[in-house]
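Letter by letter, the chains look like this.
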Amino acid sequence: MTASKRAAKELEAMQENLPSYLRDLCSENSNVLIWNAMLLPDQEPYNLRAFKFRITFPRNYPFSPPQLTFITKIYHPNVSENGEVCLPILNKNWTACTKIYQVLEALILQLNIPNQELPLRAELADMFVQNPAQFMKNAKEFTLQFGEDRSTSQ
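Please read all numbers here as calculations on a predicted model, not as lab measurements.

**A few points about the packing of aromatic side chains**
By convention here, two paired aromatic rings are described through the distance between centres and the angle between planes.
Point 1. This structure, assessed with the given rule, holds 10 aromatic pairs.
Point 2. Ring geometry for Phe 51 against Phe 70: centres 6.4 Å apart, planes inclined by 85 degrees, an arrangement best described as edge-to-face. Of this pair, Phe 51 sits in strand 3 (residues 51–56) while Phe 70 sits in strand 4 (residues 67–70); the two residues are 19 residues apart in sequence, bridging distant segments of the chain. For the residue pair Phe 51 and Phe 70, the accessibility class agrees, reading buried in each case.
Point 3. Relative to Phe 146, the ring of Phe 142 lies with its centre 4.5 Å away and its plane at 45 degrees, an arrangement referred to as tilted. Placement of both Phe 142 and Phe 146 in helix 4 (residues 132–146) is noted, with a separation of 4 residues, approximately one turn of the helix.
Point 4. Here the aromatic cluster, defined as three or more aromatic residues joined through ring pairs, consists of Tyr 75, Phe 128, Phe 135, Phe 142 and Phe 146.

Following this line, the structure appears as structure tokens:
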């Protein structure tokens, strides 16, 4: 099965049974190897807004993992300032049998509970551990400033 066929099949399955933490899931124009969606976290402070993100599938998918990138800025230790996401399932734990819904489940879990072992922003990870109240205050302010409206759209 080609990358495009597998991605199209997974997109269709996800759209038919969209998890509550996702909205506006679609491919970009006619390119099924690029998906855009809105993430709706359920834990504070991220539950105050929504976050646009993109999934880019390589031509040799599923033998290589997709890349997840936040379009909306987010104050999170496991997301770089340019939106790159560090998820173990996309690196050392990736197999050709891994489905995109598993990746998205891992993403929402890590967004709700940051992984202190794999920070992309060490200063945020340190603050999360050493001064959680300040971290939450900063994350809330950042989320309110840069996050997307959670109301339904399109």
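**With respect to the environment of Asp 24**
Point 1. Tracing the sequence through the fold places Asp 24 in strand 1 (residues 22–28).
Point 2. Only 3.3 Å separates the side chain of Asp 24 from the side chain of Arg 23, close enough to count as a polar contact.

**Side note on the packing of helix 3 (residues 122–130) against helix 4**
Helix packing geometry: the angle between the two helix axes and the distance between the axes.
Point 1. Their axes nearest at 5 Å, the elements helix 3 and helix 4 cross at an angle of 125 degrees. Classified by the angle between their axes, helix 3 and helix 4 sit oblique to one another. Across the interface between the two elements, Leu 124, Met 127, Phe 128, Val 129 and Gln 130 from helix 3 touch Pro 132, Gln 134, Phe 135 and Asn 138 from helix 4.
Point 2. Residue composition of the contact of helix 3 with helix 4, by class: 6 nonpolar, 3 polar and no charged.

**Considering the pattern of salt bridges**
Side chains that differ in sign of charge can pair as their charged atoms come close.
Point 1. All chains considered together, the criterion is met by 4 salt bridges.
Point 2. With its nearest N and O atoms 2.7 Å apart, the salt bridge here joins Glu 10 to Arg 6. You can see Glu 10 and its partner Arg 6 sitting in helix 1 (residues 3–16), 4 residues apart, about one turn around the helix. As far as burial versus exposure is concerned, Glu 10 and Arg 6 are alike and both buried.
Point 3. Note that Arg 54 is salt-bridged to Glu 28, the shortest N-O span being 3.4 Å. Highlighted residues: Arg 54 in strand 3 and Glu 28 in strand 1, separated in sequence by 26 residues.
Point 4. Taking relative accessible area as the criterion, Arg 54 reaches 28% and is therefore assigned partly exposed.

Cut-off values and rules
Residues numbered from 1 in each chain as written. Predicted model: local features only at pLDDT ≥ 70, side-chain atom pairs only at ≥ 80, totals over all residues. Heavy atoms only, no water. Phe/Tyr/Trp six-rings, centres within 6.5 Å; stacked < 30°, edge-to-face > 60°. Helix = DSSP H or I, 4+ residues; strand = E, 2+ residues; numbered from the N terminus. Buried < 20%, exposed > 50% of the residue type's maximum accessible area, 1.4 Å probe, protein only. Polar contact = N/O pair within 3.5 Å; in protein donor to acceptor, adjacent residues only side chain to side chain. Axes fitted to C-alpha atoms, helices over the stretch in contact; angles between N-to-C directions. Parallel < 35°, antiparallel > 145°, perpendicular 65-115°, else oblique. Contact = heavy atoms within 4.5 Å. Nonpolar A, V, L, I, M, F, W, Y, C, P; charged D, E, K, R; others polar. Salt bridge = Lys/Arg side-chain N within 4 Å of Asp/Glu carboxyl O.

As far as function goes, none of this settles anything; it's purely spatial.
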